[in-house]
Amino acid sequence: PNPTHPIPIPNPQQLSLFSYMAPFVAAFITLSLTSLSMSSTIQSEFQSSGKAMIIDGKATAAAIQEELTAEVKMLSEQHDILPGLAVILVGARVDSATYVRMKKKTAAAIGLHSVDVDMEDTATEEEVLQEVERLNKDPKVHGILVQLPLPDHINEAKVLEAIAVEKDADGFSAYNIGNLCLRGGDPPLAVPCTPAGCIELLQRYDVEISGKDCVVLGRSNIVGMPVAALLQSCNGTVTVCHSRTKDIEKKVKQADIVIAAIGKPEFVKGAWLKAGAVVIDVGINSKPDVTRKRGYRLVGDVDYDECSLVASAITPVPGGVGPMTIAMLMKNTVNLARHSIGLPRMPLRNTMNRNLSHRDFISLNDADRAGEK
C-alpha cells in the first residue's frame, strides 16, 4: 500500500452499515441470477418448442393461498386476530352467485372469518347502505366486498363510496387508487384484484418489466387504468390503447408485454405480436362451439392458438388471470387485517428480496421494524 494514501479503516458506524446491507446485496445478486435463469428458461422453451410457455394462474393462485393460510395462522396465534371478509350479494344473478360462492370457498380454505349478507333484489338502496355501515362498524370484518352489478335502482357508486377505506377489499376507493398512482408516499391499503393478479403472475414467472415496452388494451377503472399504473410503478414504459386508438396493431407489435383487457373475443392476433412477447389475457368471453355440451367455450381477448406460436409466455383462458383475481382479494383482506393492528402490508412485489418467500420477507420486515423501536 502507498503510505501517502493509507487504506481507510471503517469506523464502527460504517461497519454496522456494511453488516446491515450485506444480506440485501447478497439477495440482490441471487435475485439477478434467478431472474436471468427464469428468463432464459422461458426463451429456451419458446425456441426449442416453437410454442409459448404457459403462465399457470391456477397453480400460482394455489401457491398464494398456501402462503396466506400460513399468514392467517400466524396472525391468529401471535396477534390474536382472524382476518374477516364480508360479501354483500343483492339479488339472485347466477353469475354473481357463482363468483360469490367461489370467493367463499377460497376464504374458508385459507381460514378467514367469513360474513355473508344475501339480500333480495327488491332491497332498497338505503337498506344496502345500512348493511355497509353495519359492517364498517364490525371489528371482526376487515374487508368488505359488494358484488357487482347491483340492481338498476341502486346507485353502485354511492354504495361503493360508503365502504370505509380501511375495509376496501376491492381497492377501488379514490384513496387507494390515488396512492396507487402517486410516486412515493404511502402505498395503497389494497390494490385492485385483477391488476394485482397480472403483476403477481409476471413477477412470479420472473418476467422483467423494468425498461420494457408494455401495451395495455382497455382503459377501464377495474383493470386497464390500475394495471397501467402498476406497470409504471415497476418502471415499465406503458401505452394504453382503447376504442379511439388508431392503428392498435402497430402499437401491439412494439410491445414486450401485452395485457389484453378490452372485452372482445380473440381480438389480438398472432401476427400483431412481436416475437417473444409475453401476453397476459384478462378477457373471458363465450364463443359458440357446437362440439361442447354447453354449446359454447370460453376464450380470452387474444387468439390463443395464434398468439401461443409467437409469444414466449402466455396465460390461458380459463386458468390464467381468473384464479388470481380471487387470490388477490384474499391477500387484500389479510393486508387490511394487518393494517388494523399496525403491521405493514405484504407487498405486491418485492424487488430486493424477491427470492425470499412472502412469509420470510414479512418476517424480515417485522424484525426490522421491531429493531427500530
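The preceding data block contains the structure.
Residues numbered from 1 in each chain as written. Predicted model: local features only at pLDDT ≥ 70, side-chain atom pairs only at ≥ 80, totals over all residues. Heavy atoms only, no water.

Draft legend 1. Local environment of helix H11 (residues 321-340). A rise of 1.5 Å per residue sets the reference length of H11, with its 20 residues, at 28 Å; its end C-alpha atoms lie 29 Å apart and thus fit the reference within 8%. Summarising burial for H11: 15 of the 20 residues are buried, a large majority. Following H11 by one or two positions, Gly-342 has its phi on the positive side, about 85 degrees. (Helix = DSSP H or I, 4+ residues; strand = E, 2+ residues; numbered from the N terminus. Expected span 1.5 Å × (residues − 1). Buried < 20%, exposed > 50% of the residue type's maximum accessible area, 1.4 Å probe, protein only.)

Draft legend 2. Molecular detail of the nonpolar core. With 57 residues, the main nonpolar core has Leu-112, Leu-202, Leu-231, Ile-257, Ile-259 and Met-330 as its most contacted residues. The leading source of residues in this core is H11, at nine residues. Dropping the residues within four chain positions of it, Ile-259 is found in contact with Cys-198, Val-215, Val-216, Leu-217, Val-227, Leu-231, Ile-280 and Val-282. Grouped together as the second largest cluster of nonpolar side chains are 19 residues, Leu-217, Val-268, Ala-311 and Ile-314 included. (Core = buried A, V, L, I, M, F, W, Y, C linked by side-chain atoms within 4.5 Å. Contact = heavy atoms within 4.5 Å.)

Draft legend 3. Broad picture of the packing of helix H7 (residues 193-204) against helix H8 (residues 224-233). Remark: H7 packs on H8, axes separated minimally by 8 Å, with the N-to-C direction vectors making an angle of 35 degrees. Note that H7 runs across H8; the crossing there is right-handed. Contacts between H7 and H8 involve Pro-195, Ala-196, Cys-198, Ile-199 and Leu-202 on the former and, on the latter, Pro-226, Val-227, Leu-230 and Leu-231. (Axes fitted to C-alpha atoms, helices over the stretch in contact; angles between N-to-C directions. Left-handed = near helix turned anticlockwise from the far one by under 90°.)

Draft legend 4. The arrangement of the pattern of salt bridges in detail. Applying the stated criterion across every chain yields a total of 14 salt bridges. Taking the shortest distance from any N to any O, the salt bridge between Glu-200 and Lys-331 comes out at 2.7 Å. One end of the pair, Glu-200, is in helix H7; the other, Lys-331, is in helix H11, and 131 residues separate them in sequence. In terms of burial, Glu-200 and Lys-331 fall into one category: buried. (Salt bridge = Lys/Arg side-chain N within 4 Å of Asp/Glu carboxyl O.)

Draft legend 5. The sheet that holds strand E7 (residues 257-260), seen in detail. Strand order in the open sheet made by the six strands is E1-E11-E8-E7-E5-E6, with parallel pairing throughout. Edge positions in the sheet fall to strand E1 (53-54) and strand E6 (237-241), since each has one partner strand and no second. The pairing of strand E5 (residues 213-217) with E7 spans four bridges and is parallel. Bridge pairing links Val-215 to Val-258 in E7. (Pairing = 2+ DSSP bridges.)

Draft legend 6. Quick peek at unusual backbone geometry. Across the junction of Leu-148 and Pro-149, the peptide omega takes the value 0 degrees, indicating a cis bond. Summarising the element assignment, Pro-149 is placed in the loop between strand E4 (143-146) and helix H5 (156-162). In this model, Asp-80 sits at a positive phi of 55 degrees, which is unusual for a non-glycine residue. Take Asp-80: it is sitting in the loop between helix H2 (57-79) and strand E2 (84-90). On the basis of relative accessible area, Asp-80 is assigned to the exposed category, the value being 72%. The phi torsion at Glu-266 lies on the positive side, around 50 degrees, for a residue other than glycine. As for its position among the elements, Glu-266 is in the loop between E7 and strand E8 (278-281).

Draft legend 7. Fine view of the sheet that holds E4. In space, the three strands of this open sheet follow the order E3-E2-E4, with parallel pairing throughout. The open sheet has two free edges, formed respectively by strand E3 (113-119) and E4, since each of these has just one partner strand. Looking at each pair of strands side by side, their axes are set apart by 15 degrees on average, direction ignored. Taken together, the four bridges between E2 and E4 define a ladder with parallel strand orientation.

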